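# Architecture at a glance
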Amino acid sequence: LPKNQWNIPEPQVGNNALEDDHLDLVLVPGLAFSMKTRARLGQGAGYYDTWLSTLQKVRISRNLPMPLTIGLCLDEQLFHENDEIPLQPHE
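The structure contained in this document is the topic of the report that follows. Throughout this description, residue numbers start from 1 for each chain and increase along the sequence as written. Note on the predicted model: pLDDT of at least 70 is required for a residue's local features to be given, and 80 or more for side-chain atom pairs to be given and counted; whole-chain, interface and lining totals, by contrast, use all residues. Think of the side-chain values as coming from all heavy atoms in the structure, minus any hydrogens and water.

Let us now look at the sheet that holds strand 2 (residues 32-34). Here we have three strands laid out as an open sheet, ordered 3-2-5, and mixed in their pairing. Looking along the sheet, the strands with just one partner apiece sit at the ends: strand 3 (40-41) and strand 5 (78-79). Relative to strand 3, strand 2 runs antiparallel, the two being bridged by two bridges. For Ala32, the partnering residue across the bridge sits in strand 3 and is Leu41. Pairing between strands is defined by DSSP: at least two bridges between them are needed. Only DSSP runs of H or I covering at least 4 residues are called helices, and only runs of E covering at least 2 are called strands; the numbering of each starts at the N terminus.

What follows is the structure, given as structure tokens:
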């Protein structure tokens, strides 16, 4: 990756992460996460869920493992063993 003005490697504008065979980490925001099922509740539009689903298909077609996916949230946003997150079909 080329380095920016602070000498930090970063992707160039226009790069498609789906085409990057070296992608090894995806950070995903959410409103809530289930510790039991690992489900994620987003903002409702399904952008991250759709992108992750497409990424999985691309990685399978190339015989590559999925990158590590980490959900970013506060402790208050975690649903524990007996809690359930109200999910939509696209989540």
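Here the narrative resumes.
The alternating pattern of strand 1 (residues 25-29) places Val26 and Val28 on a buried face, while none of Leu25, Leu27 and Pro29, on the opposite face, is buried. In the sheet, strand 1 pairs with strand 4 (residues 68-72) via five bridges, with the strands oriented parallel. When the sheet's bridge partners are listed, Val28 is paired in strand 4 with Gly71. Buried means the residue's accessible area, taken with a 1.4 Å probe over protein chains only, is under 20% of the maximum for its type, while exposed means over 50%, and partly exposed covers the values in between.

What follows covers the layout of surface pockets. Here the largest pocket defines a volume of roughly 510 Å³. When residues of the lining of the largest pocket are traced back to their parent elements, those giving at least two are strand 2, helix 1 (47-61) and strand 4. Of the residues forming the lining of the largest pocket, the biggest block, three residues, is contributed by strand 4. A class-by-class count of the residues in the lining of the largest pocket yields nine nonpolar, three polar and four charged. Points on a 1 Å grid over protein atoms alone make up a cavity when a 1.4 Å probe fits among them but cannot get out, and a pocket when they form an open set with protein on both sides within 12 Å along at least five of seven lines; lining residues each have an atom within 4 Å of a point. Grid points are joined across faces, edges and corners, and a volume is the space filled by probe spheres set on the points. In this structure, the second largest pocket encloses a volume near 220 Å³. When residue character is reported, Ala, Val, Leu, Ile, Met, Phe, Trp, Tyr, Cys and Pro are called nonpolar, Asp, Glu, Lys and Arg charged, and the others, Gly included, polar.

Side-chain pairing between opposite charges can occur once the charged atoms of the two side chains come close. A pair is scored as a salt bridge if a Lys or Arg side-chain nitrogen falls within 4 Å of a carboxyl oxygen belonging to Asp or Glu. For the structure shown, the criterion picks out three salt bridges. For Asp21, the salt bridge identified is with Arg62, shortest N-O distance 2.6 Å. With Asp21 in the segment before strand 1 and Arg62 in the loop between helix 1 and strand 4, this pair connects stretches of sequence that are 41 residues apart. With relative accessibility at 32%, the residue Arg62 sits in the partly exposed group. We note a salt bridge from Asp49 to Arg40, for which the minimum N-O separation is 3.2 Å. Relative accessible area serves as the criterion here: at 13%, Arg40 is assigned to the buried category. What emerges from the salt-bridge pattern is a single network uniting Glu19, Asp21 and Arg62.

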